Amino acid sequence: MKRKIVRKTYQLEFSVGLLLLIFITSCFLAQQIFEISIHALKDNHSEFFGMMLVSAAVIIMILIIWEEILFPIRVKEVKGGILFSNRKKKLKVQVLMYCCIPLIFAYVYFTYDVKPIRFILWATVCMAAPVLEKLISGIKNFNDFLLLTDDYIEYKNNEKEGRYRVQDILHIAILTEEKIVSKKMMLVFADDTFVTIDLDEMELDAYYKTIDEFTKSHYKQLLKEE
C-alpha cells in the first residue's frame, strides 16, 4: 500500500521566500558543476546563465515534490455540504514540468564545459527525486477528495476510499495527536466496525478549522472528540 509523504502547508509568502532562498543557494552551489573557477566568473558571465538554469531545474524538482505550492487543495461548497479535492490536471502539469529538467541539463551539457561526475550527480538527483517521491506516495492522489454532506460522508485517499450514509453512523470521533499536529476522523458504525479517515495524510491540515466547524454544525449529535 502506498503511503503519502506528508508535507506541511505553509503561507504563500513563506513558500515563495523559501523557494527564492533555495534558488539563490543552488545557483551558488551549481558553480561546482562547471569547469570555470568561481574567481574567473567575474570576467566570464556566460556561465552565470548556466548556473541559473541548473538552479531553475532544482526549483522545478522542488515544485513537483512539494506540490501543495502550485496545487493547493480546492474547497467547494456543494448541495448540503462541502468538498475538499485535489486538482485533476495536476499530474499532467507535473509531467510537463518534469520534462523540462532533462532538457535543461542537456542544454547545459552541450553548451558549457562541465565536470562530468558532478554534472551527473546533480542531474541524477534532480531527475530521480520526483520519480522516487511519486513511487513512494503514489500517483493516484490527484483524484483524492473528502466530501462531507448531511446525507453522506465520502472520501478517497490513494487506495483507501468509501462512501457512508450518515444515518448508518453511530458516532464520529475526531482524533487529535497534538505532538505531531495530526487529525483523524473515525466513523463508528452500529455493528462495531469503524473507518478512519486520515486528514493529515490527505494534507488537509490547512482546513482543520473548516472541517471542525462543519462537523460541529452538521454532525453535532454524532460528534465525539478524543
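Residues numbered from 1 in each chain as written. Predicted model: local features only at pLDDT ≥ 70, side-chain atom pairs only at ≥ 80, totals over all residues. Heavy atoms only, no water.

### Some points on empty space enclosed by the protein
The tally for this structure, following the rule as stated, stands at one cavity of 30 Å³ or more. Ile-73, Asn-86, Asp-144, Phe-145 and Met-202 are, among the 11 residues lining the largest cavity, the residues nearest its centre. Looking at the lining of the largest cavity, the elements with two or more residues in it are β2 (81-85) and β3 (145-149). A breakdown of the residues in the lining of the largest cavity according to their chemical character gives six nonpolar, two polar and three charged. (1 Å grid on protein atoms, 1.4 Å probe; cavity = no way out; pocket = protein on both sides within 12 Å on 5 of 7 lines; lining within 4 Å. Points joined across faces, edges and corners; volume = space filled by probe spheres on them. Helix = DSSP H or I, 4+ residues; strand = E, 2+ residues; numbered from the N terminus. Nonpolar A, V, L, I, M, F, W, Y, C, P; charged D, E, K, R; others polar.)

### A closer look at the layout of surface pockets
Size it by volume and the second largest pocket reaches roughly 150 Å³. Secondary-structure elements contributing two or more residues to the lining of the second largest pocket are α3 (90-111) and α4 (116-137). Split into classes, the residues belonging to the lining of the second largest pocket amount to eight nonpolar, one polar and one charged.

### A closer look at the packing of aromatic side chains
Tallying each qualifying case throughout the model produces seven aromatic pairs. Taken together, the aromatic side chains of Phe-105, Tyr-109, Phe-110 and Phe-119 make up a single cluster linked through ring pairs. Over the ring of Tyr-152 we find Arg-163; its NZ or CZ atom is 3.8 Å from the centre of that ring. (Phe/Tyr/Trp six-rings, centres within 6.5 Å; stacked < 30°, edge-to-face > 60°. Lys NZ or Arg CZ within 6 Å of the ring centre and 35° of its normal.)

### A look at the environment of Ala-128
Topologically, Ala-128 is positioned in helix α4. In this structure the C-alpha to C-alpha distance between Ala-128 and Met-61, which are 67 residues apart in sequence, comes to 9.2 Å.

### Topic: the packing of helix α2 (residues 46-65) against α4
Between α2 and α4, whose axes approach to 9 Å, the crossing angle comes to 10°. With respect to α4, the axis of α2 lies roughly parallel. Facing Val-54, Ala-57, Val-58, Met-61, Ile-64 and Ile-65 of α2, the residues of α4 in contact are Trp-122, Val-125, Cys-126, Ala-129, Pro-130, Glu-133 and Lys-134. For the contact of α2 with α4, the class distribution of residues is 11 nonpolar, no polar and two charged. (Axes fitted to C-alpha atoms, helices over the stretch in contact; angles between N-to-C directions. Parallel < 35°, antiparallel > 145°, perpendicular 65-115°, else oblique. Contact = heavy atoms within 4.5 Å.)

All we've got here are geometric facts, nothing functional implied.
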